[in-house]
Amino acid sequence: VDVGVLVVGAAATVLAGVLAGIPAARRAIAVDLTRDLRGGDRSGSARGQHRIAGALIASQVALSLPLLFSAALLLRTFQALSGTDPGFQTAGVVTFAVDASRARYPAAREVENYFAAVDRALRALPGVVDVATTSELPYNGNSSSDVFLIKERGDQGVNNPQVRTSTVSPGYWKILGVPVLAGRTFGLNDGGDTPRVVVINEALAKRYYGGEDPVGHHIRFNNQDCEIIGVVGSMRMSNVTEPPQPELYAPSTQIPQRVRYLLLKVSAPPPQVITQAQRVLRDIDPTVALTEISTMAELFAAAVAPQRFRATLVSGLGVLALLLSALGIYGVVAHAVSRQTREIGIRMALGEEQGRATQRVILSTVGTAAGGAIAGVGIALALGRWLSRFLVGVEAQDPAMLSASVALLLMVAAAAAYFPARRASHADPLVALRSE
């Protein structure tokens, strides 16, 4: 707990209590006994109190509407992000990083032998369905990019495309459930002594090849002539709120990496698989540790965590504002209705029906709340524009969300007015008149 925040919160609470008590204290000090004994100016006092009550109701609604509207927008954003297709499957995939250090494995061949041994050991574990490696993981904050040259277009200097790059092993896309749209992916025959090959994603194919089939075309990448052998579906690698970016993949057998992320498709509980994986990797080389242990589902959840936090926080405040609005409106209306006991008694003594008396109070309260809602709409729209940078899948001035927020507050105002009005309308007119 931050002490400074706690002190400020306590001070604000005390100050609010003092300010709320000042009007009552001033009225108590300014009592005119002679005037009160004579009955005072009933009509002027009632009108003044009615105006104050109306201002309180209107301001309560005006201040609650922006918070309620913001909560609705952020909740819709979180729902949209949670339903966003990242382009890959997150269920049943365990990941961790392994570093084959240069001190232990100085030659590229030794690195490949180590990872081949790791692959065999992990595939033999119960509950492990498939194994693959990659140099990049979605949403982990790391990314690599490089320039490639489209050979048919020649060297364009600074205008050569620069895209995200990854080195992956065969089976990478199968584990993540990424579709192969054209050609093929890497196989066991794509080794270090074979012609260089690459795979591109759909976003790269659309941006740099348009409607042309890129399979079979050649590029210059990593100082090597490479053939595009396949096109795969695009994945949202950096941010779930952004569209997929162009990406180029090279086989790990042709561009070996010392630090790799292992992806395990599992049918057993992830903690159980992780424990077994740590044991078998320790048997292969006790100096190499598993780091950045996670699941793809956890990585995706972490990617939408900021939006979830905002939605939860503002939604909680919105619910609190709605509750305070209901209590505040109820208290103000109940007090105002109690001051109208004599008027209601006279009206009912003259023949006004109970239902009509209740309806009149409710309509008056809803009308006052509607005036506050009109003022609150401007504040809500301004706040929505400020929130637009956090919104996904919903407009900052969404009329449906705004209308629903206004309707909800008016319903709360009507419900808060109903009970005091009903209680007053059921009172005996003669008793009401005598009490005054």
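Below is a summary of the structure that appears in this document. (Residues numbered from 1 in each chain as written. Predicted model: local features only at pLDDT ≥ 70, side-chain atom pairs only at ≥ 80, totals over all residues. Heavy atoms only, no water.)

What to know about empty space enclosed by the protein
Convention followed: Both cavities and pockets are sets of points on a 1 Å grid over the protein atoms alone; in a cavity a 1.4 Å probe fits but cannot get out, in a pocket the set is open with protein on both sides within 12 Å along at least five of seven lines, and lining residues sit with an atom within 4 Å of a point. Grid points are joined across faces, edges and corners, and a volume is the space filled by probe spheres set on the points. Secondary structure elements follow DSSP: runs of H or I no shorter than four residues count as helices, runs of E no shorter than two count as strands, and numbering proceeds from the N terminus. Residues were grouped as follows: Ala, Val, Leu, Ile, Met, Phe, Trp, Tyr, Cys and Pro as nonpolar; Asp, Glu, Lys and Arg as charged; and all remaining residues, including Gly, as polar.
As enumerated under the stated definition, the model contains one cavity of 30 Å³ or more in all. Estimated volume of the largest cavity: approximately 40 Å³. Forming the walls of the largest cavity are R196, V197, F221, N222, Q224, C226, A250, P251, Q254 and I255. Taken together, the elements giving at least two residues each to the lining of the largest cavity come down to strand 8 (224-232) and strand 9 (247-251). Looking at the lining of the largest cavity, its residues break down into six nonpolar, three polar and one charged.

Overview of the side chain of Q254
Using the following cut-off: Accessibility here uses a 1.4 Å probe with only protein chains present; expressed as a share of the type maximum, an area under 20% marks a residue as buried, one over 50% as exposed, and anything in between as partly exposed. Counted as a polar contact is a pair of N or O atoms within 3.5 Å, where, for protein atoms, one must be capable of donating a hydrogen and the other of accepting one, and residues adjacent in sequence contribute only when both atoms are in side chains. A contact between two residues is defined here by any heavy atoms of the two lying within 4.5 Å.
Tracing the backbone shows Q254 in the loop between strand 9 and strand 10 (259-266). The exposure class assigned to Q254 is buried, which follows from its relative accessible area of 9%. Of the polar contacts made by the side chain of Q254, one reaches the backbone nitrogen of V197; its length is 3.2 Å. Filtering out sequence-adjacent residues up to four positions away, Q254 remains in contact with D190, G191, G192, T194, P195, R196 and V197.

Overview of the nonpolar core
For the record, the criterion: Among buried residues, the Ala, Val, Leu, Ile, Met, Phe, Trp, Tyr and Cys ones that are joined through side-chain atoms within 4.5 Å form a nonpolar core.
Counting 29 residues, the largest nonpolar core has Y172, W173, L176, F186, M235 and Y249 as its most contacted members. Mapped by element, the contributors of at least two residues to this core are strand 1 (93-99), helix 5 (172-176), strand 6 (197-201), strand 8, strand 10 and helix 8 (296-303). If we skip the residues at most four places from it in the chain, L176 touches F88, Q89, V93, M235, L263 and M296. Among the nonpolar cores identified, the runner-up in size contains 25 residues, and F96, A100, V131 and L262 belong to it.

Observations concerning the packing of aromatic side chains
For any pair of aromatic rings, the description rests on two quantities: the centre-to-centre distance and the angle between the ring planes. The criterion, for reference: Centres within 6.5 Å are what make two rings of Phe, Tyr or Trp a pair, Trp counting through its six-membered ring; a difference in plane orientation under 30 degrees is then read as stacked, over 60 as edge-to-face, and the rest as tilted.
The tally for this structure, following the rule as stated, stands at 10 aromatic pairs. Taking 5.0 Å as the distance between ring centres and 40° as the angle between the ring planes, the aromatic pair formed by Y105 and Y114 counts as tilted. A single burial state applies to Y105 and to Y114, both of which are buried. Between W173 and F186 the ring centres are 5.6 Å apart and the planes differ by 55°, which places this aromatic pair in the tilted class. Taken together, the residues W173 in helix 5 and F186 in the loop between strand 5 (180-183) and strand 6 connect sequence positions 13 residues apart.

Observations concerning the layout of surface pockets
If a probe as big as a water molecule is rolled over the atoms, it shows which places are left empty. The calculated volume of the second largest pocket comes to roughly 650 Å³. E112, A116, L188, S252 and T253 are the residues nearest the centre of the second largest pocket, which is lined by 28 residues in total. When residues of the lining of the second largest pocket are traced back to their parent elements, those giving at least two are helix 4 (108-123), strand 2 (128-134) and strand 10. It is helix 4 that contributes the most residues to the lining of the second largest pocket, nine residues altogether. Here the residues of the lining of the second largest pocket sort into 10 nonpolar, nine polar and nine charged.

Here we look at the pattern of salt bridges
Defined as follows: Whenever Lys or Arg places a side-chain nitrogen within 4 Å of a carboxyl oxygen from Asp or Glu, that contact is recorded as a salt bridge.
For the structure on display, the rule yields nine salt bridges. Across the pair R260 and E112 runs a salt bridge whose closest N-O atoms are separated by 2.4 Å. Linking R260 in strand 10 with E112 in helix 4, this pair joins segments that are 148 residues apart in sequence. Summarising the burial analysis for this pair, R260 and E112 share the class buried. Taken together, the salt bridges that share partners define one network made up of D119, R123 and D130.

Concerning unusual backbone geometry
Backbone geometry places N222, a non-glycine residue, at a positive phi of 55°. Among the structural elements, N222 can be located in the loop between strand 7 (218-221) and strand 8. With a phi angle near 50°, E292 is a residue other than glycine that sits in the positive phi range. Among the secondary structure elements, E292 is positioned in strand 11 (residues 291-295).

A closer look at the side chain of T77
Its place among the elements puts T77 in helix 3 (residues 42-82). With residues up to four places along the chain from it excluded, the contact list for T77 reads Q307, F390, L391, V392 and V394.

So, the environment of A58
Along the chain, A58 falls in helix 3. With near-sequence residues (within four places) excluded, A58 lies in contact with T368 and G372.

Re helix 8
Side chains three or four residues apart in an α-helix point the same way, a direct result of the helix having 3.6 residues per turn. Quick note on the threshold: As used here, the arc belongs to the directions running from the helix axis to the C-beta atoms.
Where helix 8 is concerned, the buried positions are M296, L299, F300 and A303. Taken around the axis of helix 8, the buried residues stretch over an arc of 95°, which confines them to a single face.

Regarding the packing of helix 4 against helix 7 (residues 270-284)
Two measures define how a pair of helices packs: the angle their axes make with one another and the distance between the axes. Threshold: A fitted line through C-alpha atoms represents every axis, and for helices the fit uses only the stretch in contact; the resulting angles, taken between N-to-C directions, go from 0 to 180 degrees. Any angle that is under 35 degrees is reported as roughly parallel, and any over 145 degrees as roughly antiparallel; angles of 65 to 115 degrees are reported as roughly perpendicular and all others as oblique. Throughout, a crossing is termed right-handed when the near helix is turned clockwise from the far one, and left-handed when it is turned anticlockwise from it by less than a right angle.
Running from amino to carboxyl end, helix 4 crosses helix 7 at an angle of 140°, the nearest separation of the two axes being 10 Å. In terms of orientation, helix 4 and helix 7 fall into the oblique class. For the pair helix 4 and helix 7, the crossing hand works out as right-handed. Taken together, the residues of helix 7 that come into contact with helix 4 (itself represented by Y114, A117, V118, A121 and L122) are A277, V280, L281 and I284. In terms of residue class, the contact of helix 4 with helix 7 is made up of nine nonpolar, no polar and no charged.

Let's talk about the pairing of strand 8
Regular strands place their side chains on alternate faces of the sheet. Heads up, the condition is: The criterion for strand pairing is that DSSP finds at least two bridges linking the strands in question.
As defined by bridge partners, strand 5 adjoins strand 8 across three bridges and the pair is classed as antiparallel. In the sheet register, V180 faces strand 8, and the bridge partner there is V232. Sheet topology places strand 7 next to strand 8; four bridges connect them, and they run antiparallel. Looking at the pairing, R220 lines up with D225 of strand 8.

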